[in-house]
Amino acid sequence: MIQVALYSVTPVMEPQETRAAFERLTSGTKRVLLVGSCVWFREALAYPINRDPGLFVVQQAGSLEGLREDAVDHDVILTDLDPLLHREPDIVSRLSDCSFRAPLLALTGSPDLGVLLDALEGGADMLLSKSASVAEIISSVKLLASTGATRTRRGRS
Amino acid sequence: MRQQREQNVLGSVRVLVAMEPQSYREVIGYAIQGLRPNIAVSVADPRMLAAEVARLGPEMVIYSSPGEPPAGITTWLEVPENPALPATLYQEGRRSELPEFDLPILLAVLDNAHLGTHQVA
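For the structure given in this document, a descriptive report is provided here. (Residues numbered from 1 in each chain as written. Chains lettered and ligands numbered in written order. Predicted model: local features only at pLDDT ≥ 70, side-chain atom pairs only at ≥ 80, totals over all residues.)

## Observations regarding the overall build of chain A
For step 1, the next point in the chain: Along chain A, the regular secondary structure elements total 7 helices and 5 strands.
For step 2, the next point in the chain: Each helix (α) and strand (β) of chain A, taken in turn from the N terminus, gives the series α-β-α-β-α-β-α-α-β-α-β-α.
For step 3, the next point in the chain: Scored against the burial criterion, the 157 residues of chain A give a buried share of 37%.
For step 4, the next point in the chain: Nonlocal contacts in chain A, meaning residues at least 24 apart in sequence, comprise 67% of its contacts between residues at least 6 apart. (Helix = DSSP H or I, 4+ residues; strand = E, 2+ residues; numbered from the N terminus. Buried ≥ 20, exposed ≤ 12 C-beta atoms within 10 Å, placed from the backbone. Contact = placed C-beta atoms within 7 Å.)

Printed below as a string of structure tokens:
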């Protein structure tokens, strides 16, 4: 009987994709910073973003810890709000407090109006339901990234 | 992405992604389609699970709610929306938990299902 190991080392990005990504990085492609503690969603979401010729995920992080000092230059932040809210309830305002000045798009499945208002008051520039399609997420990221503005966040009052 | 994406890849394992919310199933569908082009992946609203299983006859289903795998499904992967909970894999009657579930593990499960299908064939 042949047994197959379940775990294997599988490259997420093929060599030709790595080269294409590098070329896009040097040609004005908008750089996306992905923040979210749901690893599989974050990793899978990076895939269609990287396939878009106008976008590239420059960095992924599961939380703000460690990102504060190590964040690379980026044009837009895309964050998966819900799992982070469990671990870091003040995630959005903490993003605001950091040196992250790029526009921020928060994905959420929360129907709680308080959560949504907190996110907006904390500095999220756009909220998008997780019921959105990938195409809608990507077009929203591109829209925010195209503003090109580094913004001063409102912060909590 | 269309609500239901299908590839007719002769002889490949058929995977149905039926997760909530829509963005979850679509990103998984995109990633599988791009990283494992030899796998025929379909994406569907979980409320259509029974109908899509009957129509497509997938060997593997990726689902987001707790439940027992329907008859005829060789590999059933349950990925809860809450990342603090482990993913659960039912494969040929055996149940195992995947507490550190991520994209490489998903691809390994897919490869395993694909290999298993070809061994049976």
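## Some thoughts on the nonpolar core
For step 1, the next point in the chain: Ranked by internal contacts, the top residues of the largest apolar core, which has 70 residues, are Val141(A), Val15(B) and Val27(B).
For step 2, the next point in the chain: With near-sequence residues (within four places) excluded, Val15(B) lies in contact with Ile32(B), Ile39(B), Ala40(B), Val41(B), Pro58(B), Met60(B), Ile62(B) and Leu110(B). (Core = buried A, V, L, I, M, F, W, Y, C linked by C-beta atoms within 7 Å.)

## Some thoughts on the sheet that holds strand β6 (residues 94-98) of chain B
Residues and elements named next belong to chain B.
For step 1, the next point in the chain: Ordered by their spatial adjacency, 6 strands build an open sheet running β2-β1-β3-β4-β5-β6, and the pairing between neighbours is mixed. What marks the edges here is a single partner per strand, and that holds for β2 (40-43) and β6. Taking the axes of each pair of neighbouring strands and ignoring which way they run, one obtains an average angle of 15° across the sheet.
For step 2, the next point in the chain: Of the pairings in the sheet, the one linking strand β3 (residues 60-63) to strand β4 (residues 75-78) comprises 4 bridges and is parallel in character. Its bridge partner lying in β4, Ile-62 is registered against Leu-77.
For step 3, the next point in the chain: Seen against the sheet, helix α2 (residues 49-56) touches β1 (14-18), β2 and β3 and runs at an angle of roughly 170° to β1. (Pairing = 2+ DSSP bridges. Axes fitted to C-alpha atoms, helices over the stretch in contact; angles between N-to-C directions.)

## What to know about helix α1 (residues 22-35) of chain B
Residue pairs spaced three or four apart in an α-helix point in one direction, given the helix's 3.6 residues per turn.
For step 1, the next point in the chain: The first and last C-alpha atoms of α1(B) sit 20 Å apart over 14 residues, in line with the 20 Å expected at 1.5 Å per residue.
For step 2, the next point in the chain: Turning to α1(B), its buried residues number three or more, namely Ser23(B), Tyr24(B), Arg25(B), Glu26(B), Val27(B), Ile28(B), Gly29(B), Tyr30(B), Ala31(B), Ile32(B) and Leu35(B). (Expected span 1.5 Å × (residues − 1).)

## Quick look at the packing of helix α2 (residues 39-51) of chain A against α1(B)
For step 1, the next point in the chain: For the pair α2(A) and α1(B), interaxial distance at closest approach is 8 Å and the crossing angle is 65°. Regarding the angle of α2(A) to α1(B), the classification is roughly perpendicular. The handedness of the crossing between α2(A) and α1(B) comes out as left-handed. Contacts between α2(A) and α1(B) involve Phe41(A), Ala44(A), Leu45(A), Tyr47(A), Pro48(A) and Arg51(A) on the former and, on the latter, Tyr24(B), Val27(B), Ile28(B), Tyr30(B), Ala31(B) and Gly34(B).
For step 2, the next point in the chain: When its residues are assigned to classes, the contact of α2(A) with α1(B) shows 10 nonpolar, 1 polar and 1 charged. (Parallel < 35°, antiparallel > 145°, perpendicular 65-115°, else oblique. Left-handed = near helix turned anticlockwise from the far one by under 90°. Nonpolar A, V, L, I, M, F, W, Y, C, P; charged D, E, K, R; others polar.)

## Concerning the interface of chain A and chain B
For step 1, the next point in the chain: Listed per partner, the contact involves 28 residues of chain A and 27 residues of chain B.
For step 2, the next point in the chain: For the side of chain A that touches chain B, the secondary-structure elements that each account for two or more residues are α2, α4 (81-87) and α7 (134-147) of chain A.
For step 3, the next point in the chain: Of all the elements, α2(A) adds the most residues to the side of chain A that touches chain B, at 9 residues.
For step 4, the next point in the chain: Within the side of chain A that touches chain B, the residues separate by chemical class into 18 nonpolar, 7 polar and 3 charged.

Shape descriptors only; they carry no functional weight alone.
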